[in-house]
Amino acid sequence: MNPEPTVALARFVTAADARGLPARVRHEAKRALLNWLGCAIGAARHETVEHAIAAFAPFAGPPQATVLGRRERFDILHVALLNGTASHTFDFDDTHLKTIIHPTGPVASALLALAEHAPVGGGDFIHAFVLGTEVECRIGNAVYPSHYDVGWHITGTAGVFGAAAAAGRLLGLSERQLVWALGIAATQASGLREMFGSMCKPLHVGLAARNGLAAALLARQDFTSSAEAIEGRRGFANVLATERDFSRITEGLGETWELDANSYKPFACGVVVHPAIDGCLQLRAEHRLAPPAIEAIELRVHPLVLELTGKKAPRTGLEGKFSVYHSCAVAIADGAAGQPQYSDARVADPVVVALRERVVAEVDPTLSEDAAHVRIRLKEGRALDCRVAHALGSHERPMSDRDLEAKFRNLTAAALDASAIDAIVAGCWSLETSGDSGALARLTVPRRDTEEET
């Protein structure tokens, strides 16, 4: 008889042999970590992170781990929270396309903090990371889309399981302790989609990292929980989802890997907007478009686009990330949709606002999530069309290793000098050979003169 999902996952994590991990999955883990580090370092001075540090620093414990891209060091629980929050602040982190989970933030933020406190080799770090992402994404598979549809932010709710599993692996928990860790994670799973567009959205990732790490630490001390935390009558899946399929947790466990479904964002906003941005950028480049020439931008998009990013008149940069209207306007105005296009100033720019008001969008249920149709009507009378079957960054059009390196360098250029950036990139690609994976965090500390200039 096969074990129930909670026990099955705990057994999988504690018994997994790193030698069975395919090379492609190990490489994907390094891609995910490089992308995550860039997002976290790039946002290290964002007001979201500044406010969080101001709130928590007076209560933080001993300096056990590094806040990425900064000089502060706090206890590992606070560092996991702060790095997780920073990594999702730009909404530029990776996406598990089957569930819209951003898998690396919760898991890596917990793991790297722990690895600084209790040094561990890079090979073990990568293995724990892969196991953690596998756990969170399989749990996400079991409850998506109903869990998401009722309003839960699935990165926060599923991410806490991944952080607990990964940290539990590094801590050497027994199977019974790992069951408890997953239960302790389950009872802390939260995050509401109502918070999208505010500082609470990235906080969900930070809380998932901290709470998952805390779950593993508690379980190590034999702090108990339910053995059916996921599948029990009043467990995670039955309480937080209207439909669930537990076979998606256990089927092929240890044989297939969810990191194979991971993707990386070329644009700094919700992934569902990317096809529309892609279409606008293609038309802009092909026809050398400028805002004054445009009568209207007409979009046909997947239903999730307007559900998640339907803010017609965003007021802040964070809200702009959840506006397909703003995203298409800046794509035409700037020829880009990176982090600079989602600043408060850009959201309020009169040229962008005027163009945003000429963007209209309608739902087309026949389109896939990574497809869109863009029609731009010019004042001279012509209509220009672009059909995006698969957006840049999707599995069909993935970002290459070189693309990810360029993204990392762009995100970190204002925070770190060139030698530090080179060292982090090299450290990610060679992580398996490192005897101290926590050293990667310390490479992100800016020189004092560089920090004072930012």
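Quick note: structure is the one above.
Residues numbered from 1 in each chain as written. Predicted model: local features only at pLDDT ≥ 70, side-chain atom pairs only at ≥ 80, totals over all residues. Heavy atoms only, no water.

## Some details on the overall build of the protein
(1) Moving on: Broken down by element type, the protein carries 22 helices and eight strands.
(2) Moving on: Whereas a compact globule of 454 residues would reach a radius of gyration of roughly 22 Å, the protein reaches 21 Å, a difference of no more than 12%.
(3) Moving on: Here the C-alpha coordinates of the protein stretch approximately 70 × 55 × 40 Å along the principal axes.
(4) Moving on: Taking all 454 residues of the protein together, 59% fall into the buried category.
(5) Moving on: For the protein, the exposed area adds up to about 17200 Å²; of that, 52% sits on carbon and sulfur atoms.
(6) Moving on: Computed over 45 positive and 54 negative side-chain charges, the inter-centroid distance for the protein is 2 Å. (Helix = DSSP H or I, 4+ residues; strand = E, 2+ residues; numbered from the N terminus. Rg over C-alpha atoms; globule rule 2.2 N^0.38 Å. Buried < 20%, exposed > 50% of the residue type's maximum accessible area, 1.4 Å probe, protein only. Areas by Shrake-Rupley, 256 points an atom, 1.4 Å probe, with all protein chains shown as cover. Lys, Arg positive; Asp, Glu negative; His and termini not counted. Charge placed at Lys NZ, Arg CZ, Asp CG, Glu CD.)

## Quick word on the state of the cysteines
(1) Moving on: The final tally for this structure, using the stated rule, is zero disulfides.
(2) Moving on: In this structure Cys 137 is not part of a disulfide, and its nearest cysteine sulfur, from Cys 39, lies 16 Å away. (Disulfide = S-S within 2.5 Å.)

## Focus on the sheet that holds strand E6 (residues 359-363)
(1) Moving on: Taken together, the four strands give an open sheet; going across it, the order is E6-E5-E7-E8, and neighbouring strands pair in mixed fashion. Across the chains shown, the open sheet's two edge strands, defined by having one partner strand only, are E6 and strand E8 (383-388). Between one strand and the next, the sheet's axes are offset by a mean angle of 15°, whatever the strand orientation.
(2) Moving on: As paired strands, strand E7 (residues 372-378) and E8 are joined by six bridges and run antiparallel to one another. Each bridged residue has a counterpart across the sheet, and for His 373 the counterpart in E8 is Arg 387. (Pairing = 2+ DSSP bridges. Axes fitted to C-alpha atoms, helices over the stretch in contact; angles between N-to-C directions.)

## Observations concerning helix H19 (residues 401-412)
(1) Moving on: With 12 residues, H19 should cover 16 Å at 1.5 Å per step; its first-to-last C-alpha distance of 17 Å lies within 8% of that length.
(2) Moving on: For H19, the full list of buried residues reads Leu 404, Lys 407, Phe 408, Leu 411 and Thr 412. Along the long axis of H19, the arc covered by the buried residues comes to 115°, so they all point the same way. When the buried face of H19 is taken as reference, the exposed residues oriented beyond 90 degrees from it are Arg 402 and Asn 410. (Expected span 1.5 Å × (residues − 1). Arc of directions from axis to C-beta.)

## With respect to the pattern of salt bridges
(1) Moving on: One pass over the structure, following the stated rule, counts 28 salt bridges.
(2) Moving on: Residue Asp 17 pairs with Arg 19 through a salt bridge whose shortest N-O separation is 2.7 Å.
(3) Moving on: In this structure Arg 19 comes out as exposed when scored by relative accessible area, which is 75%.
(4) Moving on: One salt bridge in this structure joins Glu 72 and Arg 70, with 2.9 Å as the shortest N-O distance.
(5) Moving on: Since its relative accessible area comes to 24%, Glu 72 is described here as partly exposed. (Salt bridge = Lys/Arg side-chain N within 4 Å of Asp/Glu carboxyl O.)

## A word on the side chain of Glu 319
(1) Moving on: Checked against the element boundaries, Glu 319 lands in helix H15 (residues 317-320).
(2) Moving on: According to the relative accessible area criterion, Glu 319 is buried, its value standing at 10%.
(3) Moving on: At 2.6 Å, the side chain of Glu 319 and the side chain of Arg 315 are in polar contact.
(4) Moving on: Not counting chain neighbours up to four residues away, the residues in contact with Glu 319 comprise Gly 197, Lys 311 and Pro 314. (Polar contact = N/O pair within 3.5 Å; in protein donor to acceptor, adjacent residues only side chain to side chain. Contact = heavy atoms within 4.5 Å.)

## Quick word on the pairing of E7
(1) Moving on: Judged by how many residues are buried, E7 sits mostly within the fold: five of seven residues are covered.
(2) Moving on: Pairing between strand E5 (residues 294-301) and E7: seven bridges, direction antiparallel. For Glu 298, the partnering residue across the bridge sits in E7 and is Arg 375.

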